[in-house]
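Listed below, chain by chain, are the residues.
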Amino acid sequence: MSLISLALLGASILSAPLDPVETHVEATLAKMTLKEKITLIGGDRSMFIRPNLRVGIPEIKMSDGPVGVRTWGPSTAYPAGIVLAAAFDPSLSQRFGESIGRDAKARGVHIWLAPGVNLARVPQNGRNFEYQGEDPYLTSRGAVAVIKGVQSQGVVATVKHFAANDHENDRNMDSSEVDERTLREIYLRPFEAAVKEGHVGAVMSGYNKLNGTYASEHQWLVQGVLKGDWGFDGIYMSDWGAAHSSRGTYLHGLDLEMPSPDFMNEKSLLQELDKGQLDPKPLDDKVRRILRIIYRFGFDKKPQLDPTIPKDDPASDRVALAIAREGTVLLKNDGILPLRRDRVRNVLVLGPDVVPANISGGGSSYTDPFHKISIPDAIKKIAGSGVEVNFRPVIGKINEAFAFTGYEGGLKGEYFANKTLSGTPTLVRKDAGIDFNWHVAPGKGLAQTDFSVRWTGSFRAKSDGAYVFAARTDDGVRVYVDGKLMLDRWIDRGAATDTFQLNLKKGQSYALKVEYYQGMGDAIAQFGLMPVEELLSNTLPTDLVRSADAVVVSVGFNSDTESEGQDRPFEIPMEQRLMIERVTKLSKRCIVVNHSGAAIGTTPWIDGTAAFIQAGYPGQNGNQALAEILFGDVNPSGKSPVTFPKALLGTYYATAYPPVKGKMFYREGLFMGYRWFDKNNVAPRFPFGFGLSYTKFRFGGLKLHPIVNGLEVEATVTNTGSVKGDEVVQLYAGYAQSSVPRAVRELKGFQRVSLAPGQSKTVHLALDRNAVAFYDVAKHGWVVEAGDVTVWVGDSSRDLPLKGIWSLR
């Protein structure tokens, strides 16, 4: 290059306008002392970034999500993320994000701690309800739309929990063992889209370790992938309490420690930085990133609180209702639905969590609404005065089992001043039963926390037949009957009830051993047994069931039993299963409505039901949407974002969970969710992408049009039924042959269409070459392989009537 050319290049660089945000960042950074920089990277009062008025840094306020702006009092309680995902509607996801942004500004919130994009690898994950299903493409489309909606309102979104934080029990200790290709192609995809397409302002770490290293200080994950490969320039913050060291978090990419600076603080960093023993560049990078987001969103220029937006916003209320309408999934219908007002005069609603309304799972996402509607009240509202609605809670009497004292000579209780039943017991005594909720230390020499107990003895059954054994504990419990381990939940968790069932013989003596430890929170240890037949005695209204024109049975979990911090069983509680079985013997008009964040076990009771609706956690207006669907005012159109297996046994789910010795092995690799069922040719109970309607649709006219760097897929869908309805056209693709293991097919596109009876619509879906790439670990990059790619179009991962071949060269 000539000297003239160099001079011109230099002049052009000098004359190029500087990014005003970056200029502002550097100016502020130059004014800050070392102590002030350290102070900025640690949270304050749980939900704030500290202000620094001397240099013009405002206080930054945060709020939990992802089903509302929940930290600062009542707010709109939207349907859970899994319901939003079931709508298969990115435009609705963006509306949701915009509403969240408005709700945040009504409370002066700068940073919303959502959306969550971890995948439903196993049904038992206690936070599946917060996320958006098992498929990375579906989750990516929803997450990008939510982020764009939130940030369009001048509020920072925070994508979480980075990465492979896919179960809750022992989340602070367990390591997710995942190979790089699986990470890149499955579990990192939604985060990558959030960064590259959504331009998300913040990313939150998981609690877990990834391949042995905590996500909050994982150099490869944070510095290498997030900030390096993807070019993320925003804030990488810890989940609350997910930081575990000072040097690791400081050196390996954590920018903001929340909720307080337990590790990245003045005591641990200032002296080493002052003496030159610690590189100051990471500190400056952290501060730059925090300042960049503050200035990019203009938080220093205007107040975030917008008093013109009502906290109980009617616009948000309408969005919450729209999500519930689109995201409720009808999985089975033997013709009972929709109910006709001229034929249905009497509806009976049964279930333990019906009144007040069951709107959300639990934990840091639970949002207290200003108002909500229960199933009975919603049916009364929608059905009209001509339909009588009766409600019975049918609460199983499982708690009565804890009063059991039929032990032979009582139980020997050995109390240890540790959590591991180790050494010599501090206290040995006789206990009549196990029904304790300690608010003080359980005995002399013991503390109120960090102790364990072993109870041993025997009992006799008072009658022949099936018995339910129940243990409610906070934290771990193990139960042995005649030396056989029947229950093993040896984990830190909130109070939860576990059950198992055994057939016993009258008068026979059975040896019993119950082990318990208290690790955190409350000290609850309750255990007992009772005949199964007594569980629902005098609570199921037999005459009302027989006489009802429709019986709506609400089952599943709630904010206590499906929640952050604990995983939940695959099966719904035993008393609920028994309730469904008894109702279906009395009535052929049983409509089961399930509340859960992912699949549940439906064998053996599903065959006896007339209809099965997956309501998820539908938010404050969800039961109105349910009632509208029951009576046909709204045509159901949700599609399941998870696969429902017939059983765990015989699937990868059976060995994928729980962790083994602190490690969660992702041995199924790429073949997670519907990919495993397709690869192994196993029929699920309900496939991914499946959902029924009150009308019928026909697919046809498949055409494949090669375009630059991809393919345009054209298909026509026709409403062949008699009512208006929405269908989700789903595009899947897979290689017929490949040099590496590949899924049979993967979701690569979808479009929701609304059609009147007899109406047709031609849908155009783009398939980019890069969408069928695989990650080559040896080459450290993505590879598009030459070959024939099969393209399918249909309405679920298992119903794909249209098929074509795309030849890639």
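Reference entry: report on the structure contained in this document. This one's a predicted model, so the numbers in the text were calculated from it and none came from an experiment. All residue numbers here refer to positions counted from 1 along the written sequence of the relevant chain. For this predicted model, a pLDDT threshold of at least 70 governs which residues receive local features, and a threshold of 80 or more governs which side-chain atom pairs are given and counted, while totals over whole chains, interfaces and linings are taken from all residues. Hydrogens and water molecules were not included; the side-chain quantities draw on all heavy atoms of the structure.

Let's talk about the pattern of salt bridges
Note the following rule: A carboxyl oxygen of Asp or Glu within 4 Å of a side-chain nitrogen of Lys or Arg is what we treat as a salt bridge. In this text, helices come from DSSP runs of H or I with a minimum length of four residues, and strands from runs of E with a minimum of two, each type numbered from the N-terminal end. Relative accessibility under 20% of the residue-type maximum defines a buried residue, over 50% an exposed one, and the middle range a partly exposed one, all with a 1.4 Å probe and only protein chains included.
Under the criterion given, the structure shown has 49 salt bridges. Its salt-bridge partner being R454, residue E414 comes within 3.7 Å of it at the nearest N-O pair. Here E414 is found in strand 14 (residues 411-416), whereas its partner R454 is found in strand 17 (residues 451-460), with 40 residues between them in sequence. Neither residue differs from the other here; E414 and R454 are each classed as buried. Across the salt bridge formed by R752 and D726, the nearest N and O atoms sit 3.2 Å from each other. Note that R752 is positioned in strand 31 (residues 746-755) and D726 in strand 30 (residues 725-735), a separation of 26 residues in sequence. Take R752: its relative accessible area is 15%, and that puts it in the buried class. Look at the salt bridges and you will find they share partners, linking R127, E130, E168, R171 and E564 into a network.

Some words on the sheet that holds strand 11 (residues 329-333)
Under the convention used in this document: At least two DSSP bridges between two strands are needed for those strands to be called paired. Note on geometry: axes are lines fitted to C-alpha atoms, helical ones only across the stretch in contact, with angles between N-to-C directions running from 0 to 180 degrees.
Across the sheet, which stays open at both edges, the six strands sit in the order 11-26-25-24-12-13 with mixed pairing between neighbours. Sheet topology places strand 11 and strand 13 (388-392) at the edges, where each strand pairs with a single neighbour. Ignoring which end each strand starts from, the neighbouring axes of this sheet average 20° apart. In the sheet, strand 12 (residues 346-350) pairs with strand 24 (residues 550-556) via four bridges, with the strands oriented parallel. Within strand 24, the residue paired with V349 across the bridge is V552.

So, helix 5 (residues 90-105)
For clarity, the cut-off: By this rule the span expected of a helix is its residue count minus one, scaled by 1.5 Å.
Counted at 1.5 Å a residue, the expected span for helix 5 with its 16 residues is 22 Å, and the 23 Å between its end C-alpha atoms agrees. All buried positions along helix 5 are accounted for by L92, S93, F96, G97, S99, I100, G101, D103, A104 and K105.

Focus on the sheet that holds strand 9 (residues 213-214)
Strand order across the open sheet formed by four strands is 9-8-6-27, with mixed pairing between neighbours. At either margin of the open sheet sits one strand with a lone partner, and together these are strand 9 and strand 27 (663-665).

Thoughts on the packing of helix 6 (residues 136-151) against helix 8 (residues 189-196)
This is how the line gets drawn: Each angle receives one of four descriptions, namely roughly parallel if under 35 degrees, roughly antiparallel if over 145, roughly perpendicular if within 65 to 115, and oblique otherwise. Here a crossing is taken to be left-handed if its near helix is turned anticlockwise relative to the far helix by less than a right angle, and right-handed if that turn runs clockwise. Should any heavy atoms of two residues lie within 4.5 Å, those residues are considered in contact. Ten residues, namely Ala, Val, Leu, Ile, Met, Phe, Trp, Tyr, Cys and Pro, are considered nonpolar, four, namely Asp, Glu, Lys and Arg, are considered charged, and the remaining ones, Gly among them, are considered polar.
One way to put it is that helix 6 packs onto helix 8 with a least axis distance of 8 Å and a crossing angle of 30°. Here helix 6 is positioned roughly parallel relative to helix 8, judged by the angle of their axes. The element helix 6 and its partner helix 8 pack so that their crossing is right-handed. Residue-level inspection shows P136, T139, S140, R141, V144 and I147 of helix 6 in contact with helix 8, the latter providing R189, P190, A193 and A194. For the contact of helix 6 with helix 8, a count of residues per class yields six nonpolar, two polar and two charged.

Quick word on helix 14 (residues 375-383)
Applicable threshold: Directions drawn from the helix axis to the C-beta atoms are what define this arc. Polar contacts, as counted here, are pairs of nitrogen or oxygen atoms within 3.5 Å of one another; within protein the pair requires one atom able to donate a hydrogen and one able to accept it, and residues that are adjacent in sequence qualify only if both atoms are side-chain atoms.
Looking only at helix 14, the buried set comprises I375, P376, A378, I379, I382 and A383. Projected down its long axis, helix 14 carries its buried residues within an arc of 160°, all on one side. Looking at the buried residues of helix 14, the elements they touch are strand 12, strand 13, strand 24, strand 25 (590-595) and helix 17 (622-630). Capping of helix 14 at its N-terminal end is provided by S374; its side-chain oxygen lies 3.3 Å from the backbone amide nitrogen of D377. Once helix 14 ends, the next one or two residues include G384, with phi positive near 95°.

Some remarks on the nonpolar core
Worth spelling out the cut-off: We define a nonpolar core as any set of buried Ala, Val, Leu, Ile, Met, Phe, Trp, Tyr and Cys residues linked to one another through side-chain atoms lying within 4.5 Å.
By size, the foremost hydrophobic cluster in this structure holds 148 residues, and its most contacted members are M62, F162, M237, L350 and V553. Top element by residues in this core is helix 12 (residues 281-296). It accounts for seven residues. Setting aside residues no more than four positions away along its own chain, V553 makes contact with L350, M579, I580, V583, C590, I591, V592 and V593.

A closer look at the environment of A610
By secondary structure assignment, the location of A610 is in the loop between strand 25 and strand 26 (611-614). Look at A610 and you get buried, because its relative accessible area is 5%. A sequence separation of 26 residues divides A610 from T584, and the C-alpha atoms of the two residues are 8.7 Å apart.

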